[in-house]
Amino acid sequence: MVKLAEWRGKEVFRKYGIALPKGTVVRSSAEAEAATRTGTVPLPCVLKAQVLAGGRGKGGAVRFAATPAEAREAAEAILGMEFKGEKVRELLLEEKLAIGRELYVSLTLDRSLRLPVLMVSPHGGVEIESVDPTSIDRQPIHPFVGLAAYERRRAAEFLGLTGPLAKSLDPILASLWEIFQKEDAELVEINPLAVVGDRVVALDAKVIIEDDAAFRHSEYAEIRDDRTPLEEIAREKEIAFVQLDGNIGVIANGAGLTMATLDVLQEYGGRPGVFLDLGGTDDPKKVAEAFLLMARAAPRAVFLNVFGGVTRCDTVATGLVEAMRQVPASERFPLVARIRGNNEAEGVAILRSAGITSLPDLREAGRAVVQAAQGGRP
Amino acid sequence: MSVLVDGRTRVVVQGITGHQGTVHTRQMRLFGTQVVAGVTPGKEGSSVEGVPVYNSMARAMAATSANASCIFVPAPFARDALIEAVDAGIELVVIVTEHIPFHDMLTMYHYARIRGTRIIGPNCPGIASPGLSKVGIIPNVVFRPGPVGVISRSGTLTYEIVNGISEHGLGETTCIGLGGDPVNGTSFVDALPLLEADPETRLIVMVGEIGGAAEEDAADYIRQHVSKPVIGYIAGRSAPPGKRMGHAGAIVLRGKGTAESKQAALESAGVQVARFPYEIPDLVAARLSRAPP
């Protein structure tokens, strides 16, 4: 998923005509001062760190300034700070508006209904999970029909908006639906949507674009998102690779089997560090590539758990042995294998000739790899 | 007996001239499936594994009276392939293709539903009834005819579990891989009544995973409508929140879709939930020896 930073989300909002505070993005304190001095951003203003993690206000990543000098000072304080592991490189400077009520609106997918759902709540400005469900209105939207005018009216009513306020909400909701569909969004959220005088304004923007729709959205291709550098390389090589915070590497085929393998490791006190899904590949080169990527994550031990159905055990074993040879001796790690299924005997024999034992029992194999990661021999 | 596929299933493979389409046409035929046609635009007149190729679904169906389709075409073209299959009047479509945008799948699901076509998948291994027919890519070797119905959101893990059930000397009526995407054509709730109604299925194995609420929905359904014993398993207990665990649909978002929630829901509906996949064959055997045939 491509999570857009607030300013990128707001650029999308602007394109679709959603009302926003006046603002600009800056990357240095000098730019912050200049933007306020020239009036590009009216004073007083708010400076917001452009990071993906939530809780910026409480975490000191949002500050206010009444003069250009204060804007410079505040920018200096935020830029370069590390917020929940993310370095702040960009700031969004916006005019500070006189805010009335804060509301919540979003569009997302209801997987059970297999329908998009419009969610609105009069309690905005806080995490929606913390809001009492009776204060949230959920309207499923049929994709063939789109967000109907009566549904938008119902949302306004639930939010307690009437007159010009209701009138200003209506096009925002229509745009939200357009963004959700046309931009292939998983989530479009405005929290808070603030009452400012006689209209509502989007103070924040949260937009998540679906990865699988990347083929028709080259405009998002450059956004690195919150992937780790290794996850980024894996993505380019089309290998499913997820970094976690433990020290055991897991190579398996298929998402379900990979998850089940992680569960077994955890049961024996192991902490999975990297998970790599070979998928349905039966290409030894691809297996080798995946294995070398795993080596770069420097795991304490690696567990290869493959069930050959379409994939053949012998081709996986061949790729694995080939890749092992390419890893320098100083960077080798203990390897526990469990290969089962299609051409199992041949695969086990190839591994054995390279000094790797395949343990057929998942429990036994899981225990062995956890032990190896803790310093014992596999 | 079986559900959804049987000896009368006549399959057309959409994307038959691609690598996957060709490999699995061969595997389906080895399983005993009647693969009667393939479709690849522009390739009419050729054949793959002895199966004639047509330019369109309409032409393939007119020539062969196929009643099921298996889609292997790449994700950007999957939506069109499905619409074409539905318009040609097919009854059942298995979509193997992975990485279809969910917005496309919403259109596909609702369109198929209006026209009365059932979709299995996408991003799924398909459906198989040992001795009768297979539509999809589940390995032939794992099956053995028997009394267990299997429904699962996973691929390889399903093969492993079915293999374990077969090795235990038990066997399967039908195995349905529902797929790992957030929007699927057939959910647990859609598949459960089929297995409940199938006289030869004596027990249901249900393999779920983190993400969404399909297992919680299934638990509600089971409590009210399923009389047969159900053994469950949920993969992804150790998955950290916010990480997409290989399947597009396998993600704990904003505290929703955890393994704990699913396990608790299933247990409250009387489903015995295995802690690990290797426990399933023993649980199935024990349950079958208790349940009346």
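Residues numbered from 1 in each chain as written. Chains lettered and ligands numbered in written order. Predicted model: local features only at pLDDT ≥ 70, side-chain atom pairs only at ≥ 80, totals over all residues. Heavy atoms only, no water.

**Student:** An account of the nonpolar core is needed here, citing residue identities and associated values.
**Tutor:** Ranked by size, the top nonpolar core spans 98 residues in total, and within it I151, V205, I222 and V284 of chain B carry the most contacts. A per-element tally of this core places helix α11 (residues 362–373) of chain A first, with seven residues. Apart from residues lying up to four places away in sequence, I151 of chain B is in contact with I176, F188, A191, L192, L195, I204, V205, M206 and V207 of chain B. In terms of nonpolar packing, the next biggest core, distinct from the first, is built from 70 residues, L109 and L193 of chain A together with Y54 and I95 of chain B among them. (Core = buried A, V, L, I, M, F, W, Y, C linked by side-chain atoms within 4.5 Å. Buried < 20%, exposed > 50% of the residue type's maximum accessible area, 1.4 Å probe, protein only. Helix = DSSP H or I, 4+ residues; strand = E, 2+ residues; numbered from the N terminus. Contact = heavy atoms within 4.5 Å.)

**Student:** Break down the layout of surface pockets for me, with residues and values.
**Tutor:** A volume near 310 Å³ is recorded for the second largest pocket. R340 of chain A together with E160, G164, Y278 and P281 of chain B are the residues nearest the centre of the second largest pocket, which is lined by 18 residues in total. Here the lining of the second largest pocket takes five residues from helix α5 (residues 156–167) of chain B, the largest share from any one element. Taken together, the residues that form the lining of the second largest pocket break down as eight nonpolar, three polar and seven charged. (1 Å grid on protein atoms, 1.4 Å probe; cavity = no way out; pocket = protein on both sides within 12 Å on 5 of 7 lines; lining within 4 Å. Points joined across faces, edges and corners; volume = space filled by probe spheres on them. Nonpolar A, V, L, I, M, F, W, Y, C, P; charged D, E, K, R; others polar.)

**Student:** Requested: an account of the side chain of E33 of chain A, with residues and values cited.
**Tutor:** Residue and element names in this part refer to chain A. Locating E33 in the fold gives a position in helix α2 (residues 29–37). Among the residues examined, E33 registers a relative accessible area of 15% and is labelled buried. Setting aside residues up to four positions removed in sequence, E33 forms contacts with P68 and R72.

**Student:** Residue-level account of the domain arrangement of chain A, with values.
**Tutor:** Here the domain parsing of chain A yields domain 1 (22–95), domain 2 (102–220) and domain 3 (229–373). Here domain 2 of chain A and domain 3 of chain A have C-alpha centroids that lie 42 Å from each other. (Domains from an automatic or database assignment.)

**Student:** Any details on helix α7 (residues 255–267) of chain A? Residues and values, ideally.
**Tutor:** Residue and element names in this part refer to chain A. With 13 residues, α7 should cover 18 Å at 1.5 Å per step; its first-to-last C-alpha distance of 18 Å lies within 8% of that length. All buried positions along α7 are accounted for by A255, G256, L257, T258, M259, A260, T261, L262, D263, V264 and L265. Of the residues trailing α7, G269 is marked for its positive phi of about 85°. (Expected span 1.5 Å × (residues − 1).)

**Student:** Go over the interface of chain A and chain B, please, and point to the residues and values.
**Tutor:** The partner chain B presents 61 residues to the 51 residues of chain A that form the contact. Summed over both sides, the interface of chain A with chain B buries roughly 4,500 Å², with 59% coming from carbon and sulfur. Counting the surface chain A buries against chain B, the share from its top three residues, R111, R114 and F307 of chain A, is 19%. In this structure, the connection of chain A to chain B is made through nine salt bridges. D190 of chain B is paired through a salt bridge with R114 of chain A; the nearest N and O atoms lie 2.8 Å apart. Our enumeration of links across chain A and chain B arrives at 24 residue pairs in polar contact (both at pLDDT 80 or more). (Buried area = accessible area lost by both parts, 1.4 Å probe. Salt bridge = Lys/Arg side-chain N within 4 Å of Asp/Glu carboxyl O. Polar contact = N/O pair within 3.5 Å; in protein donor to acceptor, adjacent residues only side chain to side chain.)

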